[in-house]
Amino acid sequence: MLRVNIICIGKIKEKYFTDAVSEYSKRLGAFCKFSIIELPEEKIRSNTPNRARIDEVLLSEGRRILQKVGGSDYVFAMCIEGRQLSSEELSETLQNISVSGKSTADFIIGGSYGLSGEVKNRADFRLSMSKMTFPHQMARMILSEQIYRAFEISTNGKYHK
């Protein structure tokens, strides 16, 4: 059974997002070993941080993220410049990961400044949810739903229409 992790920076604050992610986590248990790994967000004390400080934050968060990624994991970096996939294409990609001998797929959501180059370079696939920008909590919920939908598609479930 494939292990699927969402590795993310920060915690969900709104109960309605927590409830939704929890529901999809429960549903995903029928298809994979699903977990969410939350890492603390780096704080910047300035309201107008300079580029050097932002780069420090990205580097620090990126190193903590990469400590959670296994050497043979298939890694999706969630980033705006990534490729957009349909739900069917995501389903096919997850199926291909399973048959390729990989046992773990990691979806990485960065902090408010995004992901470090180090994380993006480690990724096997750069995935964009949309050209629009979403709050991280919403992105986590949408991603959880899409992973669930992908498994439903691959098993011809009734959820995807």
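Before reading on, note that the structure itself is shown above.
Below, the structure is looked at part by part. (Residues numbered from 1 in each chain as written. Predicted model: local features only at pLDDT ≥ 70, side-chain atom pairs only at ≥ 80, totals over all residues. Heavy atoms only, no water.)

**Notes on the overall build of the chain**
Helices and strands together make up the secondary structure of the chain, namely five helices and five strands. Seen in sequence order, the chain has helices and strands lined up from the N terminus as β-α-β-α-β-α-β-α-β-α. Its C-alpha atoms give the chain a radius of gyration of 16 Å, within 12% of the compact-globule value 15 Å for 161 residues. Sorting the 161 residues of the chain into buried and exposed places 45% on the buried side. Working note: accessible area of the chain is about 8900 Å², and carbon and sulfur atoms make up 50% of it. (Helix = DSSP H or I, 4+ residues; strand = E, 2+ residues; numbered from the N terminus. Rg over C-alpha atoms; globule rule 2.2 N^0.38 Å. Buried < 20%, exposed > 50% of the residue type's maximum accessible area, 1.4 Å probe, protein only. Areas by Shrake-Rupley, 256 points an atom, 1.4 Å probe, with all protein chains shown as cover.)

**What to know about the packing of aromatic side chains**
Under the definition given, this model contains seven aromatic pairs. Judged by centre distance (4.7 Å) and plane angle (55°), the ring pair of Tyr16 and Phe17 falls under tilted. Judged by relative accessible area, Tyr16 falls into the exposed class, the value being 55%. Here a set of aromatic residues connected by ring pairs shows up, and it is made of Tyr24, Phe31, Tyr148 and Phe151. (Phe/Tyr/Trp six-rings, centres within 6.5 Å; stacked < 30°, edge-to-face > 60°.)

**With respect to helix α1 (residues 15-28)**
With 14 residues, α1 extends 20 Å from end C-alpha to end C-alpha; this agrees with the ideal 20 Å at 1.5 Å per step. Every buried residue belonging to α1 is among Phe17, Ala20, Val21, Tyr24 and Leu28, and all of these are buried. All buried residues of α1 fall inside an arc of 95° around its axis, so they share one side. Facing away from the buried side of α1, by more than 90 degrees, are the exposed residues Lys15, Tyr16 and Lys26. Contacts from the buried residues of α1 go to β2 (33-39) and α5 (136-154). (Expected span 1.5 Å × (residues − 1). Arc of directions from axis to C-beta. Contact = heavy atoms within 4.5 Å.)

**Some thoughts on the nonpolar core**
Counting 26 residues, the largest nonpolar core has Val4, Ile6, Phe76, Leu94, Phe107, Ile147 and Phe151 as the members making the most contacts within it. The dominant element in this core, judged by the number of residues it contributes, is α5, at five residues. Excluding its chain neighbours within four sequence positions, the residues that come into contact with Leu94 are Leu2, Phe76, Ala105, Phe107, Ile147, Ala150 and Phe151. Counting twelve residues, the second largest nonpolar core, distinct from the first, contains Ile7, Val75, Cys79 and Ile108. (Core = buried A, V, L, I, M, F, W, Y, C linked by side-chain atoms within 4.5 Å.)

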